[in-house]
Every structure is written in structure tokens, then in C-alpha cells.
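Below are the chains, spelled out letter by letter.
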Amino acid sequence: QKSALRGDMSTGDPSPADTAKPEGEGESPPSAPPPPFDSSRLIPTVHETKAMPDRETTNAALDTVLATQRAAPSDVYGSGPLLLSDIPDNIREKGGDQGVVLGIDEAGRGPVLGPMTYGCAFWHPSSSDIPSDFNDSKQLSAEKRASLFQTIRTSKNIGFVLRVLHASEISRNMLRRSPYNLNAMSHDAAMEMIRAVLNAGVRIDTAYVDTVGIPEAYQRKLERAFEGHNINFVVEKKADAKYAPCSAASVVAKEARDRMTSGWKFTEAAFGYKPQGGFEVGSGYPSDPKCKAWMGRNCNVDSPFGFPDFVRFSWGPAKNALKEVDEGKPGTRGLGVRWEADDDDEDEKQSSLDSFVTVRGGNKRRKGCLDGLRKRSRPGVFNDLGLTKLSKPLVESAY
């Protein structure tokens, strides 16, 4: 791995000494130089995550992820990257005595722009060089947070995991026919990171998790998912301000997201897209005036695709902006697209529902309800037997 990072793409072929020709024979032509190292190969997906072999490779892979270089499939389908660092030696050596303490937190849950990142940090309880000033990343200055992130990256005793859910992944999940909501994505991301650590042979003693949703329900869900691993789960609100592993995870998540968004590389740039008015996006939250102005300038610039994949299409502000384009409101760019088949389906569904709606509290039906059915002649058996309601078995027996 290290040689690969230096650009040495050797595949283990025999050395020059092994293949040297006897004197007198002509020398072989010089071989072509090795191709440049493709750092995107270091970006693991959720389903192929393995611990990095050493801290040098860990940081090379992390830099690649933070530079928003991403495998093409994650822009179209599937999950974003899940990066597991190398496992500290003292965890390997003492893993049989006691498990690690581990923390999980997220960043970027609310913004309409950019990815949501999940961070995880873990270390052996006997480690003595863990910083004492870990805290909720939102309470730290940018300088302090960057310093702590660097400490985590270079520490020999701290392992970490980073899971990135790009805006495109979030949008696809939430816009499914059966929506996969953000809470479910958050829970699954946390469980993916825990599984990655367990699969690397690390024993977990206690996991501190900053809650998403009701803490008690989330804790029970985690306990069911990891039954048999003897993990003590502590799921609480503001856990990132109470427990050092969770605070460290918060630093990983927040610093990773900030670096990714500040240096964002638009995949659409390859097709001529340029963000209108620069990249003044503010915090990325829908209520931020800078964010709102940026979205207004960049809605459907690349017609008819709406927004670049930096935007979460499933968020209300993005949907509303695209709806205005769809309706052809003044000041919007491009033309909306409507499918007649969809309109027909909606009409049929509404008609079907209206046919069976009655007003609660009486026999009076809403105007138009069952009009179509009333016009149909009733089977003669109704009059013969004095029936007022249709019963399938009776009709069948009558014929």
C-alpha cells in the first residue's frame, strides 16, 4: 500500500536480477513508466470496507474523500464512502483484556446543501494520550476543532470511521416510492460504522451515541442489532458534550463536512456547469439568506436537471423552487416537464376514492359519490328477496 502511494504500481514480478540476461545478449527495451496512482481506488464503499493497513494509507484515503473525489456510481446509485482507519496497535495488543470505548455523532443533518457526515472515534480505555479538551464540535472554535482533527488523524492510539451520505444519496432515498427517511438513514449509518469496527476484529465495550429520535427506542434498536456482542450502549441527547469518544466523533464529522463543502467539486463541471454568482452558499441551511439566494440563482441553470448534485432535491425548499419552474412562473429558467400518464393516474385514483367516500354521522353522501353506481341496474334478485345491499355469495347462488 505504501509503495502504491508513492506511485510504485509493481505487481510482484521478478526483480531485474532474477531476469538478467547472459552477457552478450541484447538488452530488453526499457519498460513503460508505471501509470499514475489513482487515489480514488482508496475510497471504500459500505459493502467493501476494511481497516486501512497503516496511518499513512488512512490519511491518503481521507484526503481523497475530503477532496470530494467520489466514485461515479455514488452519484447515480448506491451508498457513499465508509472509511475505516487503521486499527491502533495497543487495541490489537490489549483487545483480549478489555474492549474499546467508541463514540458516534453526525454533522450536516439539516442543511439543504452538501452531504451529511457521520463520524466515529474509538480507543482503548488504557490509552493515556487522549486529549482532555474534546467537546461538542459546534462549541469549539474553528481553529480548535481543526487542531483536534489533526490530533485524531496522527494519533497512534485513536481509530476513527467516516461515513459520507452525499446529497444525491439522501435525495434518492427520500424520493423513493416508499421513502427511506433521514432518521432511518442515520440509524443505518451508525450501525454500518459499528459493524465495520467489529468486522476488523475490534471488541467494543461501550458505545456512546448522540441520539437521533427517541433515545430509549434508538438504544433498543441498537441492542437488538448487536445482540451477542456484549456492547453497552449509551444513547443520549447531547452525548457529544458529555462523553469524550462521542465528542471526538463529532469533531471528525463536522471537520470532514466543512472541508468537503468548502472545496466542493461539481461533477456537472465536466459538462459546462458553473455555479452562478460564485460559491457563496452560507451555512447551507434553508433559512440562511446566502443559501436561499444561491439556490435562486442556480435553480435549473443546467436545464432541465434542476440543481447540481450538491443540492438535496428531497428538501422542501428545493422541491418548491422546482415546482415554480414546473409552473412556468416568471423569473424561472427553462420549462417544466409533466407526464400526461401521471395526471391520468392521479385522476383515476381520485375518482376511485371519491366513489367510496361517505359523510360521517349520517346516510347523506357527498355530491357525486356513487353516482356512477346508481345508474347501473340492480340484479332482479334484489327485488325477489327484498335486498338493499349486494352480497356476492347471494348473487352467485341466485345464478
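Please read these numbers as outputs of a predicted model, since none were measured by experiment.

Criteria and cut-off values
Along each chain, residue indices are assigned from 1 in the same order as the chain's sequence is written. In keeping with the predicted nature of the model, local features appear solely for residues at pLDDT of at least 70, side-chain atom pairs appear and are counted solely at 80 or more, and the whole-chain, interface and lining totals rest on all residues. The side-chain numbers reported here are obtained from all heavy atoms of the structure, hydrogens and water having been left aside. Centre distance within 6.5 Å is the pairing criterion for rings of Phe, Tyr and Trp, where only the six-membered ring of Trp is used; planes under 30 degrees apart are then read as stacked, over 60 as edge-to-face, and the remainder as tilted. The helix and strand labels rest on DSSP assignments: H or I over at least four residues marks a helix, E over at least two residues marks a strand, and numbering proceeds from the N terminus. Each residue gets one of three labels from its accessible area relative to the maximum for its type: buried under 20%, exposed over 50%, partly exposed in between, using a 1.4 Å probe on protein chains only. Two strands qualify as a pair provided DSSP detects at least 2 bridges between them. Any Lys or Arg side-chain nitrogen found within 4 Å of a carboxyl oxygen on Asp or Glu counts as a salt bridge.

A word on the packing of aromatic side chains. The full count for this structure, using the stated rule, is 11 aromatic pairs. Between Phe 279 and Phe 310 the ring centres are 5.4 Å apart and the planes differ by 45 degrees, which places this aromatic pair in the tilted class. Taken together, the residues Phe 279 in the loop between helix H9 (244-262) and helix H10 (289-298) and Phe 310 in the loop between H10 and helix H11 (316-326) connect sequence positions 31 residues apart. Both rings, one in Trp 294 and one in Phe 310, keep their centres 6.3 Å apart while their planes meet at 85 degrees; by these two values the pair is edge-to-face. Of this pair, Trp 294 sits in helix H10 while Phe 310 sits in the loop between H10 and H11, and the two are 16 residues apart along the sequence. By relative accessible area, which is 2% here, Phe 310 ends up buried.

When you tally the buried positions in strand E3 (residues 116-123), you get eight out of eight residues, the bulk of the element. Here E3 shows no split at all, with Met 116, Tyr 118, Cys 120 and Phe 122 on one side and Thr 117, Gly 119, Ala 121 and Trp 123 on the other all buried. As paired elements, strand E2 (residues 100-107) and E3 share seven bridges and run antiparallel to each other. Among the inter-strand pairings, Ala 107 is bridged to a residue of E3, identified as Thr 117.

With that settled, consider the pattern of salt bridges. If you walk through the whole model with that rule in mind, you get 10 salt bridges. The residue Lys 242 makes a salt bridge to Glu 236 at a minimum N-O spacing of 3.1 Å. The partner of Glu 255 in a salt bridge is Arg 259, and the shortest N-O contact between them spans 3.1 Å. A residue pair is termed a helical-turn pair when its members lie 3 or 4 positions apart in one helix, as Glu 255 and Arg 259 do in helix H9 at four residues. Each of Arg 145, Lys 254, Glu 255, Asp 258 and Arg 259 takes part in one network of salt bridges that share partners.

Remember that the coordinates give geometry; whether it matters functionally is a separate question.
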